[in-house]
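# Analysis of the macromolecular model
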Amino acid sequence: MEGTIRFPHLGITLTNVIKNFSVGGISIACYGVVLAIAMMTGLLLTMKVAKWTGQKEEDYFDFGMIAIIVSVVCARIYYVVFSWDYYRNHIAEIFNLRKGGLAIYGGVIGGVLTALVFCHIRKIDWRSALDTACIGLVWGQAVGRWGNFFNREAFGDYTDNLLAMQLPVSDVRASEITDAMRAHIQTIDGIEYIQVHPAFLYESLWNLGVLVILLFVTFFFTEKSEDTSSASQTGKQRRRRKKLTVFLLYLLLYGAGRFWIESLRTDQLLLFGTGLPVSQVLSGIFVVVSLVLLIKRPRFMQ
């Protein structure tokens, strides 16, 4: 039936997977609910990490509230800019987020800019802020990708691997169905299904792996001193590390995974006049730059 999502090689069939639900006559998109959960749990994790590392949780709460708004706006702008061939003829849809259309790299850029401005105003070390905030960010990305699951988007071309996912043809955008998918359409109980790479799932799992590594580095690869001058550090050791190490590891590891995963997707945003996926280009740049900085460790990381 329509609304069914199948993972045939795992023996999993999910029925009545809704895109929207109604509360008091108001239609609410599951995509938006998932993103809200991702953002708030990511903020809570960031505040926990801030507390563990001797920083003020309230600073990160204030920063998070601003960064969430700015990041959503920037993620939408990024998506619209690189989908302008469509939106220039559908201007009103620019403001309709119910169908998706947020690009994470736009959000990351917006979040970093917000951190720089916020830290300058609050007199906070921007390097420590980025190290701390990226942990909540990658958790939010792992959770947020499941919004794509409900929207039946962010999938790749045909595959028959273990994690292959089947979607009803009627539930996906026709423009994202490739010739390879059409050649392998299966009819089950009278419903036509395409079988695809669940790219959203790959990225969610990859991000969880990145999260584990970032937490490991944050908690165990630290330089410690007995300085207890801060009231919040009384009776504890103040934990130190090379500044920006965690953030650069995030850019390196997330970028590497996204570079591969982006190559699978059928809904790529393309760099103007090149035919190259813009997120893949950015991922490659972030991987190279972060790797160089991690090796060279310039003065601003000290």
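What you see is a predicted model, and the numbers here were worked out from it, not measured in a lab. (Residues numbered from 1 in each chain as written. Predicted model: local features only at pLDDT ≥ 70, side-chain atom pairs only at ≥ 80, totals over all residues. Heavy atoms only, no water.)

A few words on the overall build of the protein chain. Assigned secondary structure in the protein chain consists of ten helices and nine strands. Taken along its principal axes, the extent of the C-alpha atoms in the protein chain is 70 × 45 × 45 Å. Of all 302 residues assigned to the protein chain, the portion counted as buried reaches 45%. Counted over contacts in the protein chain with a minimum sequence separation of 6, partners at least 24 positions apart contribute 71%. Accessible surface for the protein chain amounts to roughly 15200 Å². Of this, 66% is attributable to carbon and sulfur atoms. (Helix = DSSP H or I, 4+ residues; strand = E, 2+ residues; numbered from the N terminus. Buried < 20%, exposed > 50% of the residue type's maximum accessible area, 1.4 Å probe, protein only. Contact = heavy atoms within 4.5 Å. Areas by Shrake-Rupley, 256 points an atom, 1.4 Å probe, with all protein chains shown as cover.)

Here, the word disulfide means a covalent bond between the sulfur atoms of two cysteines. The final tally for this structure, using the stated rule, is zero disulfides. Cys119 takes part in no disulfide bond, and the closest cysteine sulfur to it belongs to Cys134, at a distance of 13 Å. Relative accessible area serves as the criterion here: at 4%, Cys119 is assigned to the buried category. (Disulfide = S-S within 2.5 Å.)

Let us look at the environment of Phe82. Examined against the element boundaries, Phe82 turns out to sit in the loop between helix H2 (57–81) and helix H3 (84–87). Each C-alpha atom of the pair Phe82 and Glu58 lies 36 Å from the other, and the pair is 24 residues apart in sequence. Apart from residues no more than four positions distant in its own chain, Phe82 is found in contact with Leu269, Leu270, Leu271, Phe272 and Val278.

The geometry of an aromatic ring pair is captured by two quantities: the separation of the ring centres and the angle between the planes. In total, this model carries 16 aromatic pairs according to the counting rule given. The interplanar angle of 45° and the centroid separation of 4.6 Å between the aromatic rings of Trp52 and Phe219 together place this pair among those described as tilted. With Trp52 in helix H1 (residues 30–52) and Phe219 in helix H8 (residues 199–220), this pair connects stretches of sequence that are 167 residues apart. Trp52 gets classed as partly exposed once you look at its relative accessible area, which sits at 30%. An aromatic cluster of three or more residues is present, and its members are Tyr105, Phe247, Tyr250, Tyr254 and Phe286. (Phe/Tyr/Trp six-rings, centres within 6.5 Å; stacked < 30°, edge-to-face > 60°.)

A separate point is the environment of Ala199. Turning to its location among the elements, Ala199 is positioned in helix H8. With a relative accessible area of 2%, Ala199 lands in the buried category. In contact with Ala199, other than residues within four places in its own chain, are Ala154, Phe155, Gly156, Ile261 and Arg265.

The next subject is the nonpolar core. Formed by 40 residues in total, the largest nonpolar core has its most connected members in Phe63, Tyr78, Cys134, Ile135, Leu214, Phe247 and Tyr250. At the level of elements, H1, H2, helix H4 (104–122), helix H5 (126–144), H8, helix H9 (245–262) and helix H10 (278–296) are the ones that each hand at least two residues to this core. Sequence-distant contacts of Tyr78, defined by excluding residues within four places in its chain, comprise Ala103, Tyr105, Gly106, Leu269, Val278, Ser279 and Leu282. Residues Leu167, Ile194, Val196 and Leu201 belong to the second largest nonpolar core, which totals 16 residues. (Core = buried A, V, L, I, M, F, W, Y, C linked by side-chain atoms within 4.5 Å.)

It is worth spelling out the packing of H9 against H10 at this point. Helix-helix packing: each pair is described by the crossing angle between the helix axes and the interaxial distance. It is the contact of H9 with H10, at a shortest axis distance of 8 Å, that shows an interaxial angle of 145°. For the crossing formed where H9 meets H10, the hand is left-handed. Of the residues in H10, those in contact with Thr245, Leu248, Leu249, Leu251, Leu252, Gly255, Ala256, Arg258, Phe259 and Glu262 of H9 are Ser279, Gln280, Ser283, Gly284, Phe286, Val287, Ser290, Leu291, Leu293 and Leu294. Class assignment of the residues belonging to the contact of H9 with H10 gives a composition of eleven nonpolar, seven polar and two charged. (Axes fitted to C-alpha atoms, helices over the stretch in contact; angles between N-to-C directions. Left-handed = near helix turned anticlockwise from the far one by under 90°. Nonpolar A, V, L, I, M, F, W, Y, C, P; charged D, E, K, R; others polar.)

On to H8, then. Relative to the 32 Å expected for 22 residues at 1.5 Å per residue, H8 spans 32 Å between its end C-alpha atoms, a close match to the ideal helical length. Considering only its buried residues, H8 is in contact with strand S1 (5–7), H1, H5, helix H6 (146–151), strand S5 (165–168) and H9. (Expected span 1.5 Å × (residues − 1).)

Let's shift gears to the pairing of strand S4 (residues 26–29). Relative to S4, strand S3 (residues 20–23) runs antiparallel, the two being bridged by four bridges. Each bridged residue has a counterpart across the sheet, and for Asn20 the counterpart in S4 is Ala29. Hairpin connection, S3 to S4: the antiparallel pair is bridged by two residues, and Gly24 has positive phi, about 60°. (Pairing = 2+ DSSP bridges.)

With that out of the way, let us pick up the packing of H2 against H4. Closest axis-to-axis distance for the H2/H4 pair is 7 Å, and the angle between their directions is 145°. Like other packed secondary-structure pairs, H2 and H4 cross with a definite hand, here right-handed. Contacts from Asp59, Asp62, Phe63, Ile66, Ala67, Val70, Ser71, Cys74, Ala75 and Tyr78 of H2 reach H4 at Tyr105, Gly106, Gly107, Gly110, Gly111, Thr114, Ala115, Phe118 and Arg122. Looking at the contact of H2 with H4 residue by residue, the classes come out as ten nonpolar, six polar and three charged.

Summed over the entire model, instances satisfying the criterion amount to 13 salt bridges. In this structure, the salt-bridge partner of Arg258 is Glu262, at a minimum N-O distance of 2.9 Å. Highlighted residues: Arg258 and Glu262, both in helix H9, separated by four residues, approximately one helical turn. A relative accessible area of 5% means that Arg258 is categorised as buried. Judged by its relative accessible area of 2%, Glu262 falls in the buried class. Put simply, Arg265 and Glu262 hold a salt bridge, and the shortest N to O gap is 4.0 Å. (Salt bridge = Lys/Arg side-chain N within 4 Å of Asp/Glu carboxyl O.)

None of this, on its own, says anything about what the molecule does.
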